[in-house]
2 protein chains.
Amino acid sequence: MRSRRVDYTESTRHALVESALELFTKRGYAGTSLDAIVKRARVTKGALYHHFSGKQALFEAAFDLVETTAMDRLTSIMDGDGTAWERAMAGIQAYVRVCLEPSYQRIVIHEAPVVMGWERWREAEEHRSYGLVRAAVEALVAAEEIEPLPVEVTARILFGALHAGAETIASATDPKATAADVSRTVVAVMNGMRRGG
Amino acid sequence: MRSRRVDYTESTRHALVESALELFTKRGYAGTSLDAIVKRARVTKGALYHHFSGKQALFEAAFDLVETTAMDRLTSIMDGDGTAWERAMAGIQAYVRVCLEPSYQRIVIHEAPVVMGWERWREAEEHRSYGLVRAAVEALVAAEEIEPLPVEVTARILFGALHAGAETIASATDPKATAADVSRTVVAVMNGMRRGG
DNA sequence: ATGTTGGACATACCGATGGTATGTCGAAGA
DNA sequence: TCTTCGACATACCATCGGTATGTCCAACAT
């Protein structure tokens, strides 16, 4: 009952998500029509509505793809060895790089809260990128590397700070130099929270 | 050549912006139709397109209104007396309160970067709320209250951190307690940047 | 072998919405 | 009094998200 020769179903679905991902990144959610998406994916709206319940669902699929890709990269970096502090620093560096990618920036940071609604975005992020940041903060507190600040709030604030830093880098005339500044500043902030500093 | 008895023109324009402001705050930009806006303002689309070039322009008018209102409140608070540090702290408290207002949060923080585009939003903010944060950071550096970090980047990061903090408060089950946590954490961050700390 | 079912699409169509083109009315100037 | 013009109102159009329907074909059942 499943599949003919090959699994056309999966490739069609993948083509749609890929197409949506690219167009949403370039033109944004509102600026991208379903016709444009299906045209790029070389299918029709019938296929789209067969696989997804609508434009939002397709957006969330693209969102999931970007997040999953980012997650994989981040976990592999943060699971390395070293102290909690060292891994947190490595994680920050890595996360800022993730934030610099156009797809992540536009889809995950900017559009998702608007398209999905902030609450839903927050829930999704709870187990994704934000989850990693939070875990890092928890590890730092547990290791008594930083002052015992409220974890949830500290993680949220750090999360927001990293986004802002990445955006600043992305739109800077001298990204290299700005990236160095962001790095310095974030480290300074973290150092400020450090114990006995 | 201008106005009949009274200035109907101005009241019509104001009604449209007010209506747009309220509806954009409640339903968001995409979720608000022009028909709904003009209906609430008791005018027609003809009036809307006479005063504004389109939906985006109307949004920006609403954006300006929210920003101007917020600016006035903030400047009056931050222009008080005290040291640069004291005024910065007062400004932070005040700005977090501003961020908690639904209109500011939804229109200025969430939707504007998407609707206007991030670059345009940044430019607009340059002389508005962000300008105040930046000025505060500059004052702190000038007064040698904090470490000589790059002003632009530090201000951006602080700006992002404040937004994240405000959002956390707004969606918290216990806003009062969370607000206190945010306050503590932001102050901790600022203290971390402080000289000789 | 043949009829039947159901998944994987394609095509045609509909309603809502942003935007435009045109019409109207009344006040101010010539 | 005639014309002009600003401040709208009305009618209309094109695009777009979503739906309803049709088609094709493989996997069963008989």
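The name given to chain A in an unreviewed UniProt entry is TetR family transcriptional regulator, and the organism recorded there is Actinophytocola xinjiangensis.

A. Geometry of the domain arrangement of chain A. Residue and element names in this part refer to chain A. Domains assigned within chain A are domain 1 (1-52) and domain 2 (55-193). Here the C-alpha centre of domain 2 lies 29 Å away from the C-alpha centre of domain 1. Carbon and sulfur atoms make up 75% of the area that domain 1 and domain 2 hide from each other, which totals about 1400 Å². Connecting domain 1 to domain 2 are 0 salt bridges. Linking domain 1 to domain 2 there are 7 residue pairs in polar contact (both at pLDDT 80 or more).

B. Spatial organisation of the UniProt feature "domain: HTH tetR-type" (unreviewed entry) in chain A. As annotated by UniProt and renumbered to match this structure, "domain: HTH tetR-type" (unreviewed entry) occupies residues 10-70 of chain A. A helix fraction of 79% and a strand fraction of 0% characterise residues 10-70 of chain A, whose end C-alpha atoms lie 22 Å from each other.

C. Quick peek at the protein's contact with DNA strand D. Not every one of the 19 residues close to DNA strand D is listed here, only the nearest: Leu34(A), Lys45(A), Tyr49(A), Lys55(A) and Thr44(B). For DNA strand D, the backbone makes up 70% of the atoms found within 4 Å of the protein, where backbone means sugar plus phosphate. Here Lys55(A) contributes a side-chain N or O atom positioned 2.8 Å from a phosphate oxygen of DNA strand D. Within the side chain of Thr44(B), an N or O atom sits 2.5 Å from a phosphate oxygen of DNA strand D. Elements that contribute at least two residues to the surface near DNA strand D include exactly helix H3 (45-51) of chain A together with helix H1 (8-27) and helix H3 (45-51) of chain B. If one sorts the elements of the surface near DNA strand D by residue count, H3(B) sits on top with 4 residues. Grouping the constituent residues of the surface near DNA strand D by class yields 6 nonpolar, 10 polar and 3 charged.

D. The packing of aromatic side chains, seen in detail. Tallied over the entire structure, the rule returns 14 aromatic pairs over all chains. Pairing Tyr130(A) with Phe159(A) gives two aromatic rings, centres 5.4 Å apart and planes at 70°, and the pair type is edge-to-face. Separated by 29 residues along the polypeptide, Tyr130(A) in helix H8 (residues 129-142) and Phe159(A) in helix H9 (residues 151-170) bring together distant segments of the chain. Among the residues examined, Tyr130(A) registers a relative accessible area of 0% and is labelled buried. Taking relative accessible area as the criterion, Phe159(A) reaches 3% and is therefore assigned buried. With a centroid separation of 5.6 Å and 55° between ring planes, the pair formed by Phe24(B) and Phe59(B) is classed as tilted. Remark: Phe59(B) occurs in helix H4 (residues 55-78) and Phe24(B) occurs in helix H1; sequence separation between them is 35 residues. Pair check on accessibility: Phe24(B) and Phe59(B) agree, each one buried.

E. Quick peek at the protein's contact with DNA strand C. Around DNA strand C, 19 residues are found, and the nearest of them are Thr44(A), Leu34(B), Lys45(B), Tyr49(B) and Lys55(B). Restricting the count to atoms of DNA strand C within 4 Å of the protein gives a sugar and phosphate share of 67%. One nitrogen or oxygen atom from the side chain of Thr12(A) is found 3.2 Å from a phosphate oxygen belonging to DNA strand C. A distance of 2.8 Å separates a phosphate oxygen of DNA strand C from a polar side-chain atom of Lys55(B). Elements with a minimum of two residues in the surface near DNA strand C: helix H1 (8-27) and H3 of chain A together with H3 of chain B. Considering every element that reaches the surface near DNA strand C, the biggest residue donor is H3(A), with 4 residues. Split into classes, the residues belonging to the surface near DNA strand C amount to 6 nonpolar, 10 polar and 3 charged.

F. The nonpolar core, seen in detail. Of all hydrophobic cores here, the largest spans 128 residues; its most connected members are Phe59(A), Tyr104(A), Met190(A), Phe59(B), Tyr104(B) and Met190(B). Beyond its immediate stretch of four places on either side in the chain, Phe59(A) contacts Phe24(A), Tyr29(A), Ile107(A), Glu111(A), Ala112(A), Val115(A) and Met116(A).

Rules of the game
Note on numbering: residues in each chain are counted from 1, in written sequence order. Key to labels: chains lettered from A, ligands numbered from 1, both in the order written. Confidence filtering applies because this is a predicted model: local features only for residues at pLDDT of at least 70, side-chain atom pairs given and counted only at 80 or more, and all residues used for totals across whole chains, interfaces and linings. Hydrogens and water molecules were not included; the side-chain quantities draw on all heavy atoms of the structure. For the domain bounds, the source is a domain assignment made automatically or taken from a database. Summed over both partners, the accessible area lost on bringing two parts together, with a 1.4 Å probe, is the buried area. The term salt bridge refers to a pairing of a side-chain nitrogen on Lys or Arg with a carboxyl oxygen on Asp or Glu at a separation within 4 Å. In the analysis that follows, any N or O atom pair within 3.5 Å is treated as a polar contact, provided that within protein one partner can donate a hydrogen and the other can accept it, and provided that, for residues neighboring in sequence, both atoms belong to side chains. UniProt positions are given in the numbering used here, feature names are shortened, and annotations may be inferred rather than shown by experiment. Secondary structure elements follow DSSP: runs of H or I no shorter than four residues count as helices, runs of E no shorter than two count as strands, and numbering proceeds from the N terminus. Working definition: residue near molecule or strand if any one of its non-hydrogen atoms lies within 4 Å of it. When residues are grouped by polarity, Ala, Val, Leu, Ile, Met, Phe, Trp, Tyr, Cys and Pro land in nonpolar, Asp, Glu, Lys and Arg in charged, and all others, Gly among them, in polar. Ring pairs are drawn from Phe, Tyr and Trp, using the six-membered ring of Trp, whenever the two centres fall within 6.5 Å, and their geometry is named by plane angle: stacked under 30 degrees, edge-to-face over 60, tilted for the rest. The buried label goes to any residue with under 20% of its type's maximum accessible area, the exposed label to any with over 50%, and the partly exposed label to all in between, with areas taken from a 1.4 Å probe on protein chains only. Buried Ala, Val, Leu, Ile, Met, Phe, Trp, Tyr and Cys residues that are joined via side-chain atoms within 4.5 Å together make up what is termed a nonpolar core. Should any heavy atoms of two residues lie within 4.5 Å, those residues are considered in contact.

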